[in-house]
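# Observations on the three-dimensional arrangement
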Amino acid sequence: MPSLPLTRRADAAVPVSADPPVPFARISFALFLAGFSTFSLLYCVQPLLPEFAGAFGLSPAQSSLALSLATGALALAIFSMGALSQALPRRGLMATSMVLAALLNLAAALAPSWPLLLACRLLEGLVLGGVPAVAMAYLAEEMEPRRLGSAMGLYVGGTAFGGMMGRVGMGMLVEWGSWRGALATLALIDLVAAIGFFWLLPASRRFVPQRGFDWRHHAQAWRRQLAQPALQRLFGIGFVLTSVFVALFNYLGFRLAAAPYHFSPTQIGLVFLSYTLGIFSSGASGRLSQRLGRRGALAIGLGLMGAGVLVTLGSSLAAIATGVGLVTIGFFIAHAVASAWVGQLAGAHKSHAASLYLLFYYLGSSSIGAVGGWFWLHGGWPAEVALTAALAALGLGLAWAQGRPNQDARHG
């Protein structure tokens, strides 16, 4: 049976001129909770990597697998979920993914061996795939274009808050108890977040699940998105963003735990309070794009990341804190801008474009997050800085090639 034309599939927006106004506050807060849950669960192990190395007798690169396997699985899951989500209700899919991921985090806390813990983390990454791509598609479909940038900024702010609380909370809970108790506590918090998300988020109005599943349709949609040079560059920027961010933070804990700093787990966790800057900078990304254009906002974000990486070469805690702050601000500005831009350029196939962007985004986290262990082992912090600074420079080049300011305005 021949597939229907792409423009007639369920991925296309459905006119809703008679619908009541979009409940901006409820949708934004619900997606804030989704971002919080996803990123607190995904990255909660980052400050625990030295703990894993000690408990299981691992090298830094081996302990980083607790994060890299989860983000790698998430990348693949997001890619397939962008297609599968066309047959499932958006709200139910995201809520189910959040609940299952929290339960798997609880299972990781109880795992008696390193291989079993890694298996739980791998499965956790797989089930979390039902949140990020679908959340981006939901916002792009349901929000008015003029409010999409602000709503996406709040969602990314939720990811910043979740990432911060997952990391900072882990450090504190380890000091008070153990890494197992810390993982279990976070799992319970995120179960409550999943319930709040489902209660707050309205069902989709501009999306109707399609019957059946046609891989030809999805393959054609992905090909069309990959054929757009502007989207190709945004996918590359997504890869760069998490490559720099995760590689830097993965091994910063090892640097601070060693001489001359000798930081405790709580002190290492407090480094991630820098995410507070990300919450505010992502929320301001919409205004920055309106003033400077999306290309300009992307360039500022990536430029701040590159500068921050170089500043961390200083040995003083003030230099390290300043560098981490710059990297964090730049990351969340660039991620919010790139996410919204993907939704604007995607046309009718927003979930396909979102899944491709996030595929590259999490592949960067998984691959370079692990490769960074080799740089750390063989060259210490200067080698880590060389790797991440080179990637930031690549991202800046992609952002600058993304189009002239007047073209950028037409896409907005």
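Residues numbered from 1 in each chain as written. Predicted model: local features only at pLDDT ≥ 70, side-chain atom pairs only at ≥ 80, totals over all residues. Heavy atoms only, no water.

What the rule picks out here adds up to one salt bridge. Note that Glu124 is salt-bridged to Arg121, the shortest N-O span being 3.4 Å. A residue pair is termed a helical-turn pair when its members lie 3 or 4 positions apart in one helix, as Glu124 and Arg121 do in helix α6 (residues 114-128) at three residues. The class of Arg121 is buried, set by a relative accessible area of 1%. (Salt bridge = Lys/Arg side-chain N within 4 Å of Asp/Glu carboxyl O. Helix = DSSP H or I, 4+ residues; strand = E, 2+ residues; numbered from the N terminus. Buried < 20%, exposed > 50% of the residue type's maximum accessible area, 1.4 Å probe, protein only.)

Turning next to the confidence of the model for the chain. Taken over all residues, the pLDDT of the chain has a mean of 83, while the share at 70 or more is 88%. Highest mean pLDDT in the chain belongs to α6 (96); lowest belongs to helix α17 (residues 405-411) (42). Under a pLDDT of 50 for its full length, residues 1-18 has, in the predicted model, 35 contacts with residues more than four places off or in other chains. (pLDDT = per-residue confidence, 0-100. Contact = heavy atoms within 4.5 Å.)

Where helix α14 (residues 285-311) contacts helix α15 (residues 317-345), the axes come no closer than 7 Å and their chain directions differ by 145°. By crossing handedness, the relation of α14 to α15 is classed as left-handed. Residue composition of the contact of α14 with α15, grouped by class: 19 nonpolar, eight polar and two charged. (Axes fitted to C-alpha atoms, helices over the stretch in contact; angles between N-to-C directions. Left-handed = near helix turned anticlockwise from the far one by under 90°. Nonpolar A, V, L, I, M, F, W, Y, C, P; charged D, E, K, R; others polar.)

Before going further, it helps to spend a moment on helix α9 (residues 179-200). Compared with the 32 Å implied by 1.5 Å per residue over 22 residues, the 32 Å span of α9 between its first and last C-alpha is a close match. Looking at α9, one finds that the buried residues are Trp179, Ala182, Leu183, Ala184, Leu186, Ala187, Asp190, Ala193, Ala194, Gly196, Phe197 and Leu200. Tucked into the core, α9 has its buried residues touching α1 (24-43), α2 (49-56), α5 (90-110), α6 and α8 (145-176). (Expected span 1.5 Å × (residues − 1).)

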